[in-house]
Amino acid sequence: MPSTVLVGLQWGDEGKGKIIDVLTETADVVARFQGGNNAGHTVEIGDEKFVLHLIPSGILRPEADCVLGNGMVVDVLGLLEEIRGLEARGITVAGRMWISDRCHLVFPCHARLDGLNESALGDGKIGTTKRGIGPAYADKINRCGARGSDLVHPDRLEARFRRQAAAANVILARTGQPALDVEADWQRVRDAAAALAPMVTDTVMRLHAALDAGKRILFEGAQGTWLDVDFGTYPFVTSSNTTSGGACTGTGVPPCAIDKVFGVVKAYTTRVGSGPFPTELLETVGEGLRSRGREFGATTGRPRRCGWFDAVATRYAVRLNGASELAFTKLDVLDGLDTLQICVGYEINGQRYDAMPADIEDVALVKPVYESHPGWQETTTAALCWDDLPAQAQSYLRRLEQLVGAKARIISVGPNRAQTFMV
Ligand code: GDP
Ligand code: IMO
Ligand code: MG
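Every chain begins its residue count from 1, and numbering advances along the sequence as written. A letter from A marks each chain and a number from 1 marks each ligand, given out in the order of writing. Residues qualify for local features only when their pLDDT is at least 70, as the model is predicted, and side-chain atom pairs are given and counted only at 80 or more; totals for whole chains, interfaces and linings, by contrast, use all residues. Side-chain figures throughout are based on the complete set of non-hydrogen atoms in the structure, without hydrogens or water.

A. View of the site of ligand 2. For ligand 2, the set of nearby residues contains 20 residues, the closest of which are Lys-16, His-41, Thr-129, Gln-223 and Thr-238. Contacts described as polar in this section are N or O atom pairs within 3.5 Å, which, within protein, must combine one atom able to donate a hydrogen with one able to accept it, while residues neighboring in sequence count only if both atoms come from side chains. Asp-13 places a main-chain nitrogen or oxygen 2.8 Å from an oxygen atom of ligand 2. A distance of 2.8 Å separates an oxygen atom of ligand 2 from a polar backbone atom of Gln-223. Considered on its own, ligand 2 offers 550 Å² of accessible surface; in the complex 98% of this is hidden by protein. Note on definitions. A residue lies near a molecule or strand when any single heavy atom of the residue is within 4 Å of it. The Shrake-Rupley method, run with a 1.4 Å probe sphere, supplies the accessible areas, and residue values consider only the shown protein chains as cover.

B. Looking closely at the coordination of the magnesium ion (ligand 3). Note on the magnesium ion (ligand 3): its protein donors are Asp-13 (OD) and Gly-40 (O). The metal-donor distances range over 2.0 to 2.2 Å. Residue Asp-13 is located in the loop between strand E1 (4-8) and helix H1 (16-23), and its partner Gly-40 is located in the loop between strand E2 (29-32) and strand E3 (41-45); the two are separated by 27 residues in the primary sequence. The rule for donors is simple: an N, O or S atom within 2.8 Å of the metal counts, and for Na, K and Ca the reach is 3.2 Å. Water is not among the atoms, so a site may look short of donors. Counting from the N terminus, the helices are the DSSP runs of H or I reaching at least four residues and the strands are the DSSP runs of E reaching at least two.

C. Examining the nonpolar core more closely. The set of buried Ala, Val, Leu, Ile, Met, Phe, Trp, Tyr and Cys residues whose side-chain atoms join them within 4.5 Å is what this entry labels a nonpolar core. Residue exposure (1.4 Å probe, protein chains only): buried if accessible area is under 20% of the type maximum, exposed if over 50%, otherwise partly exposed. Ranked by internal contacts, the top residues of the largest apolar core, which has 66 residues, are Leu-331 and Tyr-396. An automatic or database domain assignment provides the domain bounds reported here. Structurally, this core is a two-domain feature, drawing no fewer than three residues from each of domain 1 (4-104 + 199-261) and domain 3 (265-422). With residues near it in sequence (within four places) discarded, Leu-331 still touches Ala-267, Trp-376, Thr-380, Leu-389, Ala-393, Tyr-396, Leu-397, Ile-411, Ser-412 and Val-413. Contact definition: two residues touch when any of their heavy atoms are within 4.5 Å.

D. Examining the pattern of salt bridges more closely. Salt bridges are counted wherever a side-chain nitrogen of Lys or Arg sits within 4 Å of a carboxyl oxygen of Asp or Glu. A complete count under the given rule lists 23 salt bridges for this structure. As a salt-bridge pair, Asp-185 and Arg-188 come within 3.7 Å of each other at their nearest N and O atoms. Here Asp-185 pairs with Arg-188, and both are found in helix H6 (residues 182-196), just three residues apart, close to one helical turn. Residue class for Asp-185 comes out buried when judged on its relative accessible area of 12%. Note that Glu-295 and Lys-330 form a salt bridge whose closest N and O atoms lie 3.0 Å from each other. Placement of the pair is Glu-295 in the loop between helix H9 (284-292) and strand E13 (305-307) and Lys-330 in the loop between strand E15 (325-329) and strand E16 (339-348), with a sequence separation of 35 residues. Each member of the pair, Glu-295 as well as Lys-330, carries the same accessibility label: buried. Several salt bridges share partner residues, and in doing so they unite Asp-13, Lys-266, Glu-295, Arg-304 and Lys-330 into one network.

E. Quick look at the side chain of Thr-380. Its location among the elements puts Thr-380 in the loop between strand E18 (367-374) and helix H12 (391-404). Apart from the residues lying within four places of it in its own chain, the contact partners of Thr-380 are Leu-331, Asp-332, Asp-335, Leu-389, Pro-390 and Val-413.

F. Expanded view of unusual backbone geometry. The omega torsion of the bond from Tyr-234 to Pro-235 falls at 10°, within 30 degrees of zero and hence cis. Examined against the element boundaries, Pro-235 turns out to sit in the loop between strand E10 (217-220) and helix H8 (246-249). The phi dihedral of Arg-143 falls on the positive side, at around 65°, and the residue is not glycine. Locating Arg-143 in the fold gives a position in the loop between helix H4 (133-141) and helix H5 (154-174).

G. Spatial organisation of the site of ligand 1. Lining the immediate environment of ligand 1, one finds 20 residues, of which Lys-16, Gly-17, Thr-42, Asp-332 and Ser-412 sit closest. In the environment of ligand 1, a nitrogen atom lies 2.8 Å from a nitrogen or oxygen atom belonging to the side chain of Asp-332. For ligand 1, whose accessible area on its own is 580 Å², the fraction buried by protein is 93%. Mapped by element, the contributors of at least two residues to the shell around ligand 1 are H1 and E3. Split into classes, the residues belonging to the shell around ligand 1 amount to four nonpolar, eight polar and eight charged. When residues of the shell around ligand 1 are sorted by domain, at least three fall in each of domain 1 (4-104 + 199-261) and domain 3 (265-422). Here the nonpolar group is Ala, Val, Leu, Ile, Met, Phe, Trp, Tyr, Cys and Pro; Asp, Glu, Lys and Arg are the charged ones; every other residue, Gly included, is treated as polar.

This is how it looks when you write it as structure tokens:
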């Protein structure tokens, strides 16, 4: 496997963590390029279940090195807790994981501001994970953020930390909120920084050295295409570029070094948080998908909204990302349904659209045009190859490939690493 970018083609939680784990078998380095601990990537191996938030899912394969790229926003306290949690379960992190000296840091003040912003929006809230992602990226763009390199210089870190905390306290005071306990927060951040400092390096140089040595890099996307700050259902998006272009700006590896983009899609659609969702099912079918698919957020535990497969949105996502190969996940969740619907077009005020409109006001008006497809009654969870799938499941997947314009390469029929096969 040469250098491959893996991205989610829907609204996140497509099963990227599981597919990254599968693909890491043939990768040397796994690099995250954007986002932070808003992500929750689940990997199930045997009886063990891991949920990764900041650490690349590749950490679970002992041969792989991991990189937290410059495009990420790294929660200093959250990262240390995640490392300790993995090490307590026998996974070695030290000596295998590297933090970019140019990534941006997330402190407790960012999470407080995230919560405050959401409260101020009332019914119009984004439904963020409240991990401080938006405020940390805002500081980056406002050119007042603290970066990975500060972790190795406690004096610089302290100055930047205090400036950000003081600015947050002004806003909190103005809105009648309790102030941050700056001293207590600083002591925790300082201690965490000391533990993380040995992992900070110029990850651009490290990744280029890996490429020069002919090593295979897997770029682990987080969130999903429709949460991208440029292309997603703005403003109900996250604050980073979740699409494949982000792999270059978020790691310092140029486009010419990337050989392939791999897209992950669920065999239906989910979304967590607010914002338009054309194929959402509010009644029994949606609830059935949620309970069979255990659709509850891996980071916040919130119920995920569920709906039919949206081929219009996914075809757009395939093009945006340049995805040539697909992993279809959670096919098993559709077992036992009599009929499946696939959204093949959008109608707004009687007019047909074949692309996602830019304005959420228009997306909210979308009436999906559905094509019916026969379901299957067999259980797919034990399928080991394409031929083990019921004929209706095969033709459903073939139709999705045709509609979205990319080939299925991996099929996932259960949460476990073993419940996966190549096509
Ligand atoms: P990610 O954020 O894209 O890595 O996805 P999440 O881990 O947030 O959510 C995917 C959920 O579906 C996790 O609980 C996985 O264990 C589970 N999962 C992944 N693939 C399959 C599958 O093929 N079938 C079923 N039933 N569950 C799956
Ligand atoms: P993974 O990597 C699903 C959603 C939030 C909210 C919006 C903005 O596990 O697929 P943020 O905290 O980023 O400012 O929230 O984005 N969101 C996700 N939804 N999966 C994720 O990550 C998500 N990360 C953020 O629910 O709607
Ligand atoms: Mg997730």
